[in-house]
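So you can see what is in the structure, the chains are spelled out below.
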Amino acid sequence: TYTNGDVVNNVRPYSGGTVISCCLDEIPVRVCTACGIGLYLDAPSAGAHDGEDDCTNCDPGQSSIAGSAGCSSCVAGKYRTATIHGGVCGNCPKGTFLTDAGTDRFKHDALDDCRVCNIGMFAAAVGSASCTNCAAGKYNANGNVTAADHEACTLCPSGRVTQELGATSETFCS
């Protein structure tokens, strides 16, 4: 927290702009509060604000760190919907990916932006920016139907292996 004296002396919790919500008045010990995660305060004068309700919610596909003067698009592998007030960008589930590196917030504004991996590929971790080819000795014959189908690849039957990466069916196991 910061006091009015900090605001008057231009002391900010983060660089890059006015980032606290506070009323500049005659009370020298008034406590100022940074806008929360996923919220921002973009007005040039901190004196125009007297509560966290003056903080603005980031648009879908964007978030911010606490105390921000603006928002940034979610990074690859993450999304954020409009249904929450404040908050961070969430991870795409296992078996899915989202490649956009945060250049377009509209590519990060819904869970549907997380795409299911293609056949012969998987994404074992949440928040994946890409899928990985199945390793030699494994395959993934599932089409891009559900994320759960692409959390891992299937081992070839005992005594059989694939010689290539990204095998798309058991027939590649020999």
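Residues numbered from 1 in each chain as written. Predicted model: local features only at pLDDT ≥ 70, side-chain atom pairs only at ≥ 80, totals over all residues. Heavy atoms only, no water.

> I'd like to hear about the overall build of the protein chain, residue by residue, with values.
A count of helices and strands for the protein chain gives one helix and 15 strands. Classification of the 174 residues of the protein chain by burial places 36% in the buried group. Counting contacts in the protein chain only where the partners sit at least 6 residues apart, residues at least 24 apart contribute 51% of the total. Accessible area for the protein chain stands at about 9,200 Å²; split by element, carbon and sulfur atoms hold 53% of it. (Helix = DSSP H or I, 4+ residues; strand = E, 2+ residues; numbered from the N terminus. Buried < 20%, exposed > 50% of the residue type's maximum accessible area, 1.4 Å probe, protein only. Contact = heavy atoms within 4.5 Å. Areas by Shrake-Rupley, 256 points an atom, 1.4 Å probe, with all protein chains shown as cover.)

> An account of the pattern of salt bridges is requested, with residue identities and associated values reported.
Tallied over the full model, the rule gives two salt bridges. A salt bridge links aspartate 59 to arginine 105; the shortest N-O distance between them is 3.8 Å. One end of the pair, aspartate 59, is in the loop between strand 5 (56-57) and strand 6 (62-63); the other, arginine 105, is in the loop between strand 10 (96-97) and strand 11 (115-116), with 46 residues separating them in the sequence. Of the residues examined, aspartate 59 reaches a relative accessible area of 37% and is grouped as partly exposed. Since its relative accessible area comes to 21%, arginine 105 is described here as partly exposed. Between arginine 160 and glutamate 170 there is a salt bridge whose closest N-O contact spans 3.7 Å. Taken together, the positions of arginine 160 in the segment after strand 15 (154-155) and glutamate 170 in the segment after strand 15 put the pair ten residues apart, joining distant regions of the chain. (Salt bridge = Lys/Arg side-chain N within 4 Å of Asp/Glu carboxyl O.)

> Tell me about the environment of glutamate 151, residues and numbers included.
Turning to its location among the elements, glutamate 151 is positioned in the loop between strand 14 (138-139) and strand 15. On a C-alpha basis, the gap between glutamate 151 and valine 116 in space is 9.7 Å, while along the polypeptide they are 35 residues apart. In this view, glutamate 151 contacts Lys94, Gly95, Phe122, Ala123 and Ala124; residues no more than four positions away in its chain are not counted.

> Summarise the state of the cysteines; cite the residues concerned and give the values.
Inspection of every chain in the model, using the stated rule, returns seven disulfides. A sulfur-sulfur separation of 2.0 Å characterises the disulfide bridge that pairs cysteine 35 with cysteine 55. Measuring handedness by torsion sign, the sulfur bridge of cysteine 35 and cysteine 55 sits at about -80 degrees and is left-handed. On the criterion of sequence distance, the pair formed by cysteine 35 in the loop between strand 3 (31-34) and strand 4 (39-40) and cysteine 55 in the loop between strand 4 and strand 5 is long-range, its members being 20 residues apart. A residue is classified by how much of its surface remains accessible, and cysteine 55, at 7% relative accessible area, is buried. (Disulfide = S-S within 2.5 Å.)

Read these as spatial facts, not as claims about activity.
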